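Fold and contact review
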Amino acid sequence: MRVQDIMKQKRRVVHTILAQRTVEDAIVQMTEHRTSALIVMDGETPVGIFTERDVLRCHVAWRQRLFRDMPLSEAMTHDLIVAQPDDLASSAMAMMIKADIRHLPVVEDQQIVSMLTISDLVKHHVGELTAELHYLQEYIEFSRQERPAFSKSMFDLPYKLPDAHVRSVNKG
C-alpha cells in the first residue's frame with residue numbers, strides 16, 4: 001500500500017504557522033486545532049515543523065524564558081523529513097522510526113498536502129497483519145478439511161485391485 005492510500009483514509013488538515021510567531025502562539029494554535037504539530041512557514045515556503053516534543057525541548061533548554069518571548073524560528077525543528085504520495089507506507093514508517101519522528105508531512109508538487117502520524121502508519125500496518133493472519137488461518141483450516149488423513153500405510157489402498165490385474169502382476 002502507498003502513502004496516498006492512507007491519505008485517502010485520513011483526511012487531516014495540515015495546520016501552519018509563520019516562523020515569525022512565538023512559541024506561545026504555536027501552543028495556542030495547536031490547542032485550538034487539537035493538533036500535535038504545525039508546519040512552520042516563511043511566506044509560502046515550509047521551513048520546519050513545531051511539535052509537542054519541541055515544546056518540551058524549548059522549555060528545558062530555556063527555563064528562564066517565557067514562551068511568549070521565544071521566537072518559533074529558534075524552537076522549531078528545522079530539518080523537515082517528508083514523504084511523497086507514491087512512497088510505500090512501509091518505507092514511510094521505516095523512515096519515521098529511523099528518524100525517531102511522529103509526524104510526517106506529505107509533499108506533492110512542492111506543496112505539503114497531508115500530514116501522517118506514526119499512529120496512522122502503525123494502525124495501517126496492524127490492519128494488514130491482521131488480514132494476513134486471517135487469510136493464513138483460513139488457508140490452514142481449508143487445507144485440513146481437503147487433505148485425507150495419512151494415518152494408514154501407503155500400501156493400505158482404499159479399494160482392491162481387480163484379481164486379473166493382480167495375477168498379471170504376480171505372473172511377471
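Residues numbered from 1 in each chain as written. Predicted model: local features only at pLDDT ≥ 70, side-chain atom pairs only at ≥ 80, totals over all residues. Heavy atoms only, no water.

1. A short note on the overall build of the protein
Tallying secondary structure elements over the protein gives seven helices and five strands in all. For the protein, the sequential pattern of α-helices and β-strands runs α-β-α-β-β-α-α-α-β-β-α-α. Here the protein, with 172 residues, has 28% of them falling under the buried criterion. Relative to all contacts within the protein whose residues are 6 or more apart in sequence, the contacts with residues 24 or more apart total 51%. Total accessible area on the protein is roughly 12400 Å²; 54% of this is exposed by carbon and sulfur atoms. (Helix = DSSP H or I, 4+ residues; strand = E, 2+ residues; numbered from the N terminus. Buried < 20%, exposed > 50% of the residue type's maximum accessible area, 1.4 Å probe, protein only. Contact = heavy atoms within 4.5 Å. Areas by Shrake-Rupley, 256 points an atom, 1.4 Å probe, with all protein chains shown as cover.)

2. Remarks on the pattern of salt bridges
Using the criterion set out here, one finds four salt bridges in the structure. Here aspartate 25 makes a salt bridge to arginine 21, at a shortest N to O gap of 3.1 Å. Of the charged contacts in the structure, one is a salt bridge between arginine 53 and aspartate 100, with a shortest N-O distance of 3.7 Å. One end of the pair, arginine 53, is in helix 3 (residues 52–61); the other, aspartate 100, is in the loop between helix 5 (89–99) and strand 4 (103–108), and 47 residues separate them in sequence. (Salt bridge = Lys/Arg side-chain N within 4 Å of Asp/Glu carboxyl O.)

3. Structural notes on the pairing of strand 5 (residues 111–117)
Consecutive residues of a regular strand have side chains that alternate between opposite faces of the sheet. Here strand 5 lies mainly inside the structure; five of its seven residues are buried. Two strands pair when backbone bridges link them, and strand 4 and strand 5 are joined in this way by six bridges, in the antiparallel orientation. When the bridges of strand 5 are listed, proline 105 appears paired with methionine 115. Hairpin connection between strand 4 and strand 5: a loop of two residues separates the two successive antiparallel strands, and aspartate 109 in this loop has a positive phi of roughly 55°. (Pairing = 2+ DSSP bridges.)

4. What to know about the environment of aspartate 69
Mapped onto the secondary structure, aspartate 69 falls in the loop between helix 3 and helix 4 (72–75). Taking C-alpha positions, aspartate 69 is 7.7 Å from valine 23, a pair spaced 46 residues apart along the chain.

5. Quick look at the side chain of histidine 103
Inspection of the secondary structure puts histidine 103 in strand 4. Look at histidine 103 and you get buried, because its relative accessible area is 12%. Within the structure, histidine 103 has its side chain in polar contact with the side chain of serine 36 (distance 2.7 Å). (Polar contact = N/O pair within 3.5 Å; in protein donor to acceptor, adjacent residues only side chain to side chain.)

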